[in-house]
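Here are the chains, one letter per residue:
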Amino acid sequence: MMKTPALTMDSAARIGRAVTGREDLELRSTAWSAVDYPTQTIATEALNRARLVFTAPDGTRVDLRLFVKELRSPEHWPMLSVVPPELRADFLDGFPWRLEIAAYTGPLREQLPDGIRLPQLYAVEELGPGRAAMWLEDVAQPEDLEWDTARFARAARLLGRMSARRRYGEVAPILGAASRFAQPASALRYMIAGRIRNLFLPAIDGEDLWTHPVVAAALDAVRDPGLVADLREWAGRIDGLLSYSDTLPMTYAHGDASPQNLLVPVEDPDGFVAIDFGLDCPLPVGHDLGQLLVGLCHAGTLPADRLPELSPAILAAHAEGLAAEGHRATLDQIRGGYLSGLVLRSAFTAIPLERLAEPPSDQLIGHWADRLRMTRALLDLADPALLHLMKESK
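All values derive from a computational prediction rather than experimental measurement. (Residues numbered from 1 in each chain as written. Predicted model: local features only at pLDDT ≥ 70, side-chain atom pairs only at ≥ 80, totals over all residues. Heavy atoms only, no water.)

*Asks:* Could you give an account of the packing of aromatic side chains, naming the residues involved and the relevant values?
*Replies:* Within the structure shown, the criterion is met by seven aromatic pairs. Relative to tryptophan 135, the ring of tryptophan 32 lies with its centre 6.1 Å away and its plane at 65°, an arrangement referred to as edge-to-face. Of this pair, tryptophan 32 sits in strand β1 (residues 26-34) while tryptophan 135 sits in strand β6 (residues 131-137), and the two are 103 residues apart along the sequence. Pairing tryptophan 147 with phenylalanine 272 gives two aromatic rings, centres 5.7 Å apart and planes at 35°, and the pair type is tilted. Linking tryptophan 147 in the loop between β6 and α5 (149-165) with phenylalanine 272 in strand β9 (residues 272-274), this pair joins segments that are 125 residues apart in sequence. Residues tryptophan 147 and phenylalanine 272 agree in their burial class; the two are buried. Among the aromatic residues, ring-to-ring pairing joins Trp77, Phe91 and Phe95 into one connected group. Stacked on the ring of tryptophan 234, the Lys or Arg arginine 237 has its end atom at 4.5 Å from the ring centre. (Phe/Tyr/Trp six-rings, centres within 6.5 Å; stacked < 30°, edge-to-face > 60°. Helix = DSSP H or I, 4+ residues; strand = E, 2+ residues; numbered from the N terminus. Buried < 20%, exposed > 50% of the residue type's maximum accessible area, 1.4 Å probe, protein only. Lys NZ or Arg CZ within 6 Å of the ring centre and 35° of its normal.)

Right, dumping it as structure tokens:
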């Protein structure tokens, strides 16, 4: 649903003149179009495309298109009540809701390799306590955009080059001295300790989830009688996965490098515009590959049976990118960082718990079945390769 009360005509006129560099323009009209986004997104309050129409003193019309993202502190998040009361104060204190602003205004732009860039940030507007809006370049993507294997590989290679340029100990986190998560994998641990341990693991370990009529029907559809036991077994390895991750080389990664956050500009179809950085802490080398692999599958636009095909392609390309910038991580270390992050961040959260309250329907059963197939694909990628790497590291 479109939300525009914070975006005033005065703001639009001022920012439009700044973008064009013309103080003589007069704003004639504004039009807003809402952009859909997941409602459970914590820091995003609204996304809108703005079309501004100006006229110059000589009557010439000037059209301007901008992307406006409203950010919020989690204190304004409508789903804050799902956070257990005993964890709420720490959650409110630690959530980095201004991370994107810091990413677009700090030294990150100079740390990126050719082929990947940040969107232009034209203005940051403070909207009151715990709220701000970013006025950004509206990146147009090709209408026939396809994420084929070659595009996945290009993205993986550039993410590797970016990570190699942002080695732990050589650059600062995006939030700099203000970052709460200065220690390696600390933001990853924070995520696991909160949402995954308190929401997903109890559901996976219990019986109520799997006997729910929709979930039971989806399990019947996927014909995978060992899936629940395998998922529970991997849930029991979380501490081991985190300990193993600590043994790997660390870099600052994108942190949420799904294809949805790697825009493909029309004017540079082989390049990317990176948005929505996350997990502002040192992460195991290769970590970005997990989100790159699952993003479109999680969104329902890539079938799970493509994941085994894409996985070796992105791993090889990422290793090439790291090596091109002089990073000395071994292929096994990169594979370990990739697969451990894939399990920790995606194997459990593939379960769409947020949809359990919906009325049963064939569409909902189909959605659950797709997610269960995705879960199986991720577990199969990790087993036995990741188990072997964990054993060898001891």
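From this point, the discussion proceeds with the structure in view.
*Asks:* Could you give me a rundown of the nonpolar core, with the residues and numbers involved?
*Replies:* If you look at soluble globular proteins, the nonpolar side chains tend to sit buried side by side. Ranked by size, the top nonpolar core spans 109 residues in total, and within it Trp210, Leu292 and Phe348 carry the most contacts. A per-element tally of this core places helix α14 (residues 362-382) first, with ten residues. With residues up to four places along the chain from it excluded, the contact list for leucine 292 reads Trp147, Phe152, Ala155, Ala156, Leu159, Ala257, Ser258, Pro259, Leu262 and Ile314. Formed by 17 residues, the second largest nonpolar core is a distinct cluster that contains Leu27, Trp32, Val68 and Ala133. (Core = buried A, V, L, I, M, F, W, Y, C linked by side-chain atoms within 4.5 Å. Contact = heavy atoms within 4.5 Å.)

*Asks:* Give me the lowdown on the confidence of the model for the protein chain, citing residues and values where you can.
*Replies:* Looking at the protein chain as a whole, its pLDDT mean stands at 93, while 98% of the residues score no less than 70. Here residues 1-5 scores under 50 on pLDDT; set against residues more than four positions off or in separate chains, the count is eleven contacts. (pLDDT = per-residue confidence, 0-100.)

*Asks:* I'd like a rundown of the sheet that holds strand β8 (residues 262-263), residues and numbers included.
*Replies:* The strand order β4-β9-β8 describes an open sheet built from three strands, whose pairing is mixed. Among the strands making up the open sheet, the edge pair consists of β4 (116-117) and β8. Contacts from α5 reach β4, β8 and β9 within the one sheet, and its direction differs from that of β9 by about 50°. (Pairing = 2+ DSSP bridges. Axes fitted to C-alpha atoms, helices over the stretch in contact; angles between N-to-C directions.)

*Asks:* Please set out the pairing of strand β5 (residues 121-128) residue by residue, giving values where relevant.
*Replies:* Looking at chain direction, β5 and β6 are connected through six bridges and run antiparallel. Residue pairing for β6: glycine 128 is matched across the bridge by arginine 131. Joining the antiparallel neighbours β5 and β6 is a turn of two residues, in which glycine 130 adopts a positive phi near 75°.

*Asks:* How would you explain the side chain of threonine 349 if you had to name every residue and give the values?
*Replies:* Tracing the sequence through the fold places threonine 349 in the loop between α13 (331-347) and α14. One polar contact links the side chain of threonine 349 to the main-chain carbonyl oxygen of arginine 345, over a distance of 2.6 Å. (Polar contact = N/O pair within 3.5 Å; in protein donor to acceptor, adjacent residues only side chain to side chain.)

*Asks:* Any details on unusual backbone geometry? Residues and values, ideally.
*Replies:* Proline 384 follows aspartate 383 through a cis peptide bond whose omega is 15°. As for its placement among the helices and strands, proline 384 is situated in the loop between α14 and α15 (385-393). Even without being glycine, aspartate 276 reaches a positive phi, approximately 55°. For aspartate 276, the position within the fold is in the loop between β9 and β10 (282-284). By relative accessible area, which is 23% here, aspartate 276 ends up partly exposed.

*Asks:* Would you mind going over the pattern of salt bridges in detail, with residue names and values included?
*Replies:* Summed over all chains, the structure comprises 28 salt bridges. The closest approach of N and O atoms between aspartate 270 and arginine 154, which form a salt bridge, is 3.4 Å. Of this pair, aspartate 270 sits in the loop between β8 and β9 while arginine 154 sits in helix α5; the two residues are 116 residues apart in sequence, bridging distant segments of the chain. Looking at arginine 154, the relative accessible area reads 22%, which means it is partly exposed. For aspartate 370, the salt bridge identified is with arginine 373, shortest N-O distance 3.1 Å. On the criterion of helical spacing, the pair formed by aspartate 370 and arginine 373 is a turn pair, its members being three residues apart in helix α14. (Salt bridge = Lys/Arg side-chain N within 4 Å of Asp/Glu carboxyl O.)

*Asks:* Give me α5: which residues, what numbers.
*Replies:* For α5, with 17 residues, the first-to-last C-alpha span of 25 Å sits near the 24 Å given by 1.5 Å per residue. Within the span of α5, buried status applies to Arg151, Phe152, Ala153, Ala155, Ala156, Leu158, Leu159, Gly160, Met162, Ser163 and Ala164. Elements that come into contact with the buried residues of α5 comprise β4, β7 (250-252), β8, β9, α11 (288-298) and α12 (307-324). (Expected span 1.5 Å × (residues − 1).)

*Asks:* Outline the side chain of asparagine 261, listing residues and values.
*Replies:* Secondary-structure assignment places asparagine 261 in the loop between β7 and β8. On the accessibility criterion, asparagine 261 (7% relative accessible area) is buried. Within the structure, asparagine 261 has its side chain in polar contact with the backbone oxygen of aspartate 256 (distance 2.9 Å).

*Asks:* Requested: an account of the sheet that holds strand β2 (residues 44-55), with residues and values cited.
*Replies:* Pairing within the open sheet is antiparallel, and its five strands lie in the order β1-β2-β3-β6-β5. Of all strands in the sheet, those bounded by a partner on one side alone are β1 and β5. Between one strand axis and the next, the sheet turns by 25° as a mean value, whatever way the strands run. Of the pairings in the sheet, the one linking strand β3 (residues 61-72) to β6 comprises seven bridges and is antiparallel in character. If you follow arginine 72 over to β6, its bridge partner there is arginine 131. Against the sheet, helix α1 (residues 9-20) makes contact with β1, β2, β3, β5 and β6, and its axis sits at roughly 105° relative to β1, the strand it touches most.

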